[in-house]
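Report on the structure
In case you want the letters, here they are:
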There are 2 protein chains.
Amino acid sequence: MSPSASSESENGSYAKSKLNSVNRYRGRGQYEYQQVYPIFDETPVVHVAFQTSPDQDNFGFPVILPMLGCTGIFGQEDVTEDEDDGRRYIYLHGYVSARIMRLSKAGTNDEPSGIPVCVSATLMDGIVLALTPNHHSCNYRSAVAFGHAQVVEDEAERLYAMELITNNLVPERWQHTRYPNKTELKSTGILRVEIHSASAKVRTGSTGEAKEDIADEEMRRNVWAGVVPTRTVYGTPMPAPTNLFPGVPGYLEDWIRERNETSLQYTLDAGAASK
Amino acid sequence: MSPSASSESENGSYAKSKLNSVNRYRGRGQYEYQQVYPIFDETPVVHVAFQTSPDQDNFGFPVILPMLGCTGIFGQEDVTEDEDDGRRYIYLHGYVSARIMRLSKAGTNDEPSGIPVCVSATLMDGIVLALTPNHHSCNYRSAVAFGHAQVVEDEAERLYAMELITNNLVPERWQHTRYPNKTELKSTGILRVEIHSASAKVRTGSTGEAKEDIADEEMRRNVWAGVVPTRTVYGTPMPAPTNLFPGVPGYLEDWIRERNETSLQYTLDAGAASK
């Protein structure tokens, strides 16, 4: 929507700048939309930081809130859902009373840019145990986005985002629930982050060792080196005491199975990848 | 160490203030050290936010870095390891070249307070699927700490923190690896966050439904309601191509088994807890 934002991008990727550039292990940096967005969407919880004013209450500390959210493209008429390389927003779900919602609201009309935030998403894929602690690492996919957050006021966009976030948590969930009433719709706050800059950082592979360590076979026989794959597992659904639905719905069962298989396979591939 | 910090605490807990108070769902707020610290220590990755200066490069965005770290008590002579209710620091592991390390270093002597940061840790324990999307929620344990981060220069404290962080990732790992040499020890940056204020927020239980929804049995027969327990699983260790250690060491195998059993049990208890 904002020309200033899209001027930062080129060819389906975010332009590198001091803000989003990966400096340590440059090879792990990724800037294409399709490398960045799936990380935000796969992480159930993202972390959102904003700066408080340095008054007596907040002492100028930044604040991080864990929030539910995902990427979306509402209102970008030149981009269709099929064009997967389109530039997106990040939509966040919260409560209208929450601090970040109040702050974002402050500048809606005269300063449409909202408040500057950082959104971070991290998927932990493995613990990399090298021969010496200082070469220990993790396999991970992490993404970071810098942008301005605004409270969404438009009813159509709010509804779009609620459905998007619900179905990002559990696919097809929205259409299998009771449709929310007016009061419920009003009580849910939606933030839209217009992404100014973003990047991803990904590590895969087994241990990276120093030459001297590889030469030391005696030591290598005494220290186990390798990867402990790590993943989020969705378990067996536990019906609520009030549940009357017989069994577990197919869309839920299928998603849990596929999701668990996909992440298991990813972490095994990541742990076996060549360094 | 700093009297100003400890004056904020009382009886093994953090004093409530505007900064750390849980406002939405107050009942979920926790302020005791022993409610807050385990969440930081159980999360393999914490998220650390700091504020950039509003120059041409950073545009005043806050920055979030995913980092390895945990709580520790080095140098607090009045607290022993056995006194589990003692006030702690958060130690973070990074690279000396990283941006936050450079920023934290700026004020080491004249301004020993370092830079203000927020450290956030979130454990996702379940997706709570209510009858209507707006009552959806998550079971989680999240903690947030506000404090000043400083680069640790003292060699003894640096070593303490490296061992602490390594063994927090995998218990007993430090003593089962090759001891780092001088160059390796120097290349690892350690940040200490002196916690000014902190709190935790925890949700357990099944769905919370509106009275009108409970009364609507027809709808309840059509919408599945309940909890999908969610946990981090540590998988089967994958030896590195260079590994010469026979099999998998006991400390690693035992930890993975115990850790997976504990988190499975926690998420099942959380999903079954009464609201």
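As shown above, the structure is provided for reference.
Below or above, wherever it landed, is the structure these notes cover. Since we're looking at a predicted model, the values are computed, not measured. (Residues numbered from 1 in each chain as written. Chains lettered and ligands numbered in written order. Predicted model: local features only at pLDDT ≥ 70, side-chain atom pairs only at ≥ 80, totals over all residues. Heavy atoms only, no water.)

What to know about the interface of chain B and chain A
Between chain B and chain A, the contact holds 104 residues from the first and 104 residues from the second. Summed over both sides, the interface between chain B and chain A buries roughly 8,300 Å², with carbon and sulfur atoms accounting for 65% of that surface. Three residues, Phe61, Trp224 and Met238 of chain B, lead the burial of chain B against chain A; their summed loss comes to 10% of the area buried on that side. The interface formed by chain B and chain A holds 2 salt bridges in total. (Contact = heavy atoms within 4.5 Å. Buried area = accessible area lost by both parts, 1.4 Å probe. Salt bridge = Lys/Arg side-chain N within 4 Å of Asp/Glu carboxyl O.)

Details of the relation of the copies chain B and chain A
Two copies of the chain are present, and they differ by a rotation about an axis and a shift along that axis. For the pair chain B and chain A, the best superposition has an RMSD of 0.0 Å and corresponds to a rotation of 180 degrees with a translation of 0.0 Å parallel to the axis. Here the copies are linked by what is in effect a two-fold axis. Considering only C-alpha atoms, the residue of chain B closest to the rotation axis is Thr232 of chain B, which sits at 2.2 Å. By residue overlap, the copies meet face to face through one surface: 100% of the interface positions of chain B are interface positions in chain A. (Least-squares fit on C-alpha atoms with pLDDT ≥ 70 in both.)

Some words on the packing of aromatic side chains
Applying the stated criterion across every chain yields a total of 18 aromatic pairs over all chains. Summarising the aromatic geometry, the rings of Tyr89 of chain B and Tyr91 of chain B are spaced 6.1 Å apart at their centres and angled 90 degrees between planes, so their arrangement reads as edge-to-face. The same class applies to Tyr89 of chain B as to Tyr91 of chain B, namely buried. Among the aromatic side chains, those forming a connected cluster through ring pairs are Phe74, Tyr89, Tyr91 and Tyr160 of chain A. (Phe/Tyr/Trp six-rings, centres within 6.5 Å; stacked < 30°, edge-to-face > 60°. Buried < 20%, exposed > 50% of the residue type's maximum accessible area, 1.4 Å probe, protein only.)

Description of the pattern of salt bridges
All names here are of chain A. Tallied over the entire structure, the rule returns 18 salt bridges over all chains. The salt bridge involving Glu184 is made with Arg178; its shortest N-O contact spans 2.8 Å. Looking at Arg178, the relative accessible area reads 17%, which means it is buried. Where salt bridges share partners, they join Glu42, Asp125 and Arg141 into one cluster.

No statement about biological role is implied by the geometric values presented.
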